[in-house]
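# Report on the structure
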Amino acid sequence: MTDKMQSKVLEHLLDSYEKSKTFQGENLVNQNFSVNIGKLFPRYQDDAEYDYFCQVNQSMEELGSMSLVTLEYQGRGILKKVRLNLEKLEDCYRLLGRMPRRQEQQELTALWEDLLYWEEGAGPERILPLLRYIEAQRVRVRKNQNVEYYGHDLVEYRDLLTAARAVLENREEVFVRNFSIQLFHDSKRLELLAPRLEALLYQYGEFQERGNVLEECGVVHTPTYVMMKGNGGLRLGDCGQGRRPGGRESEPAQKIDLSGLKGDLALSTESLRSITELTVWGGRVVTVENLTSFHDYPAGEDFVVYLGGFHNKVKRDFLAELYRQNPTKEYRHFGDLDAGGFYILEHLKRKTGIGFRSLYMDVATLRRYEKDQRPLTENDRKRLQQLWQMLQDQKERGECLEDYGEVIAYMLDRGCKLEQEAVRLGGLEREEDL
């Protein structure tokens, strides 16, 4: 059993040893590992702290009496350095209750191997962010670097990676606490892991916002509602085949004409599962990024869907089904005229596979609402430049559906951006009316 001073000294010495070339077997000369007591305990050098001075000396002398360290004095009983005895490494680890780094690395490697399984017929595609993370950590271990998102607690780390895999493989909307019960038999466990979990998946995945990673994967706190309005209709319930997919009994058919509503319609996840028919009567489907703009948008002949920023699986599935049943329509997206708005549009195209193009996100709109423009931040400029480079890469691969070069150049040159809510569309029906 060690006191706090002894633990601090031994932890420091073992950290130095485990980061060394001696530990890795690469050193050609003998190394010694010591700590300067005055630097580690600044009060030790204060003449007014005599009792503390004596306490440190006594504590270090106890370590010396166990042959775990050797003590180096600089006169008058003043300790200068405490040096680690490499022949007593196992005793040091045992006294601290600390797992040796080599054993820890082996345990981590075994844990990764245990996680990298998939059932027959399945593949690793769904868990690519986790695979990238593990491969990066294998490299770090070979270089004797610390493993990211690991706090020297193997149980908690296993829970973190187990949650990462389960979230990536999830294909149905599920509440956070229910999902946590399924994984850990503890309704609050996933919420405790969420900050590090979302950071890990954001770093190694292709998510657009760190705080929305779980939601993008369908793990939510509250049900998702898809809000829609405009020139279209839908049918819920009986599709004329007796039973719904999954063996559920058919529900009585209900037809809803959205064009006959003054406002919008919001359907929860469960209601969305009942949709058997989606019809767009006009020529255009428009997704809108922000809620205020969605309510203000004069639908006219358009079928309008509220996106709410970066979409999650429920909204993605709804848009995919809408496109499947209405593939000949024009698909447009209306969002903020800033880097975030264009990234959301690119994310929408990539995740749904639908060829969305921008709407009211051009130089003409910026000029029309010049008085409402806001200045770019340094982060805005950086993200716009990254967006421009991403579009150049898409062009080289022949994948670019729309060139935002003109509007990006305009924003960078003028140092401006525009919130979507500034674009007042009352009385405007088509983009050319701008």
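What comes next is a walk through the structure. (Residues numbered from 1 in each chain as written. Predicted model: local features only at pLDDT ≥ 70, side-chain atom pairs only at ≥ 80, totals over all residues. Heavy atoms only, no water.)

## Looking at the overall build of the chain
Quick note on the threshold: Working definition: helices are DSSP H or I runs of at least four residues, strands are E runs of at least two. Numbering for both runs from the N terminus. Think of it in three bands: with a 1.4 Å probe and only protein chains considered, a residue is buried below 20% of the maximum accessible area for its type, exposed above 50%, and partly exposed in between. Between two residues, a contact is recorded if the distance between any of their heavy atoms is within 4.5 Å. What sets the accessible areas is the Shrake-Rupley method with a 1.4 Å probe; for residues, cover comes only from the shown protein chains. His is not counted, nor are the chain ends, whereas Lys and Arg count as positive and Asp and Glu as negative. A charged residue contributes its charge at one atom only: NZ of Lys, CZ of Arg, CG of Asp or CD of Glu.
Helices and strands together make up the secondary structure of the chain, namely 18 helices and 16 strands. Taken over the C-alpha atoms alone, the chain extends approximately 95 × 60 × 45 Å along its principal axes. Every one of the 434 residues in the chain was classed for burial, and the buried ones make up 46%. Looking at the chain alone, contacts between residues at least 24 apart form 69% of all its contacts between residues at least 6 apart. Roughly 22,900 Å² of accessible area belongs to the chain as shown, and the carbon and sulfur atoms make up 45% of that amount. Computed over 61 positive and 72 negative side-chain charges, the separation of the two mean positions in the chain equals 2 Å.

## Some points on the sheet that holds strand β10 (residues 275–280)
Put simply, the rule is: Any two strands are treated as partners once DSSP identifies two or more bridges connecting them. With axes taken as lines fitted to C-alpha atoms, and helix axes fitted only over the stretch in contact, angles between N-to-C directions fall between 0 and 180 degrees.
Judged by pairing direction, the sheet is antiparallel, and its 3 strands sit side by side in the order β8-β7-β10 without closing on themselves. Of all the strands in the sheet, the pair left with one neighbour each is β8 (254–257) and β10. Mean inter-strand twist for the sheet, computed between neighbouring axes without regard to direction, equals 10°. Here strand β7 (residues 232–236) pairs with β8 via 4 bridges, running antiparallel. Its bridge partner being in β8, L234 is matched across the sheet by I256.

## Concerning empty space enclosed by the protein
Quick reminder of the rule: With a 1 Å grid spanning the protein atoms alone, the term cavity applies to any set of points in which a 1.4 Å probe fits but cannot get out, the term pocket to an open set with protein on both sides within 12 Å along at least five of seven lines, and the term lining residue to any residue with an atom within 4 Å of a point. Grid points are joined across faces, edges and corners, and a volume is the space filled by probe spheres set on the points. Each residue receives one of three labels: charged for Asp, Glu, Lys and Arg, nonpolar for Ala, Val, Leu, Ile, Met, Phe, Trp, Tyr, Cys and Pro, and polar for the others, Gly being one of them.
Within this structure, the stated rule accounts for 1 cavity of 30 Å³ or more. Of the volumes computed, that of the largest cavity is approximately 60 Å³. Lining the largest cavity we find R101, E104, Q105, L108, V141, Q145, N146, V147, Y150 and H152. Considering each element in turn, the lining of the largest cavity owes the most residues, 4 residues, to helix α6 (residues 101–115). Residue classes in the lining of the largest cavity are distributed as 4 nonpolar, 4 polar and 2 charged.

## Side note on helix α15 (residues 339–352)
The test is simple: By definition here, a helix of n residues has an expected span of 1.5 Å times n minus one. Think of a polar contact as two N or O atoms within 3.5 Å of one another; within protein, one of them needs to be a possible hydrogen donor and the other a possible acceptor, and neighboring residues in sequence only count if both atoms come from side chains.
The first and last C-alpha atoms of α15 sit 20 Å apart over 14 residues, in line with the 20 Å expected at 1.5 Å per residue. For α15, a buried count of 12 out of 14 residues is recorded, marking the element as mostly surrounded by other parts of the structure. Turning to α15, its buried residues are A339, G340, G341, F342, Y343, I344, L345, E346, H347, L348, K349 and T352. The N-capping residue of α15, defined by a side-chain oxygen 3.2 Å from the backbone nitrogen of G340, is D338. Following α15 by one or two positions, G353 has its phi on the positive side, about 75°.

## Let's talk about unusual backbone geometry
A positive phi angle, near 65°, is found at Y149, a position not held by glycine. Structurally, Y149 is set in the loop between α7 (128–142) and α8 (154–169). A positive phi is found at H152, a non-glycine position, where the angle reads about 65°. In this fold, H152 is placed in the loop between α7 and α8. Taking the relative accessible area as the measure of exposure, H152 reaches 53% and is therefore exposed.

## Remarks on the side chain of N290
Tracing the chain through its elements places N290 in the loop between β11 (284–288) and α13 (291–296). The contact partners of N290, leaving out residues within four places of it in the chain, are Y306, D336, Q420 and E421.

## A closer look at the sheet that holds strand β3 (residues 79–84)
The sheet built from 3 strands is open, its strands ordered β1-β3-β2 with antiparallel pairing. The open sheet has two edge strands, β1 (34–36) and β2 (69–73), and neither has a second partner. Here the strands of the sheet are splayed against their neighbours by 20° on average, with no regard to which way each runs. For β1 and β3, the ladder comprises 3 bridges, and the chain directions are antiparallel. Bridge pairing in β3 links S34 to R83. With respect to the sheet, helix α4 (residues 50–65) is in contact with β2 and β3, its orientation differing from that of β2 by roughly 135°.

## Quick look at the packing of helix α9 (residues 176–184) against helix α10 (residues 189–204)
For the record, the criterion: An angle below 35 degrees is treated as roughly parallel, one above 145 as roughly antiparallel, one from 65 to 115 as roughly perpendicular, and anything else as oblique.
Where α9 contacts α10, the axes come no closer than 8 Å and their chain directions differ by 100°. By the angle between their directions, the pair α9 and α10 is classed as roughly perpendicular. Between α9 and α10, the contacting residues are V176, R177, F179, S180 and F184 on the first element and R189, L190, E191 and L193 on the second. Along the lines of polarity and charge, the residues of the contact of α9 with α10 split into 5 nonpolar, 1 polar and 3 charged.

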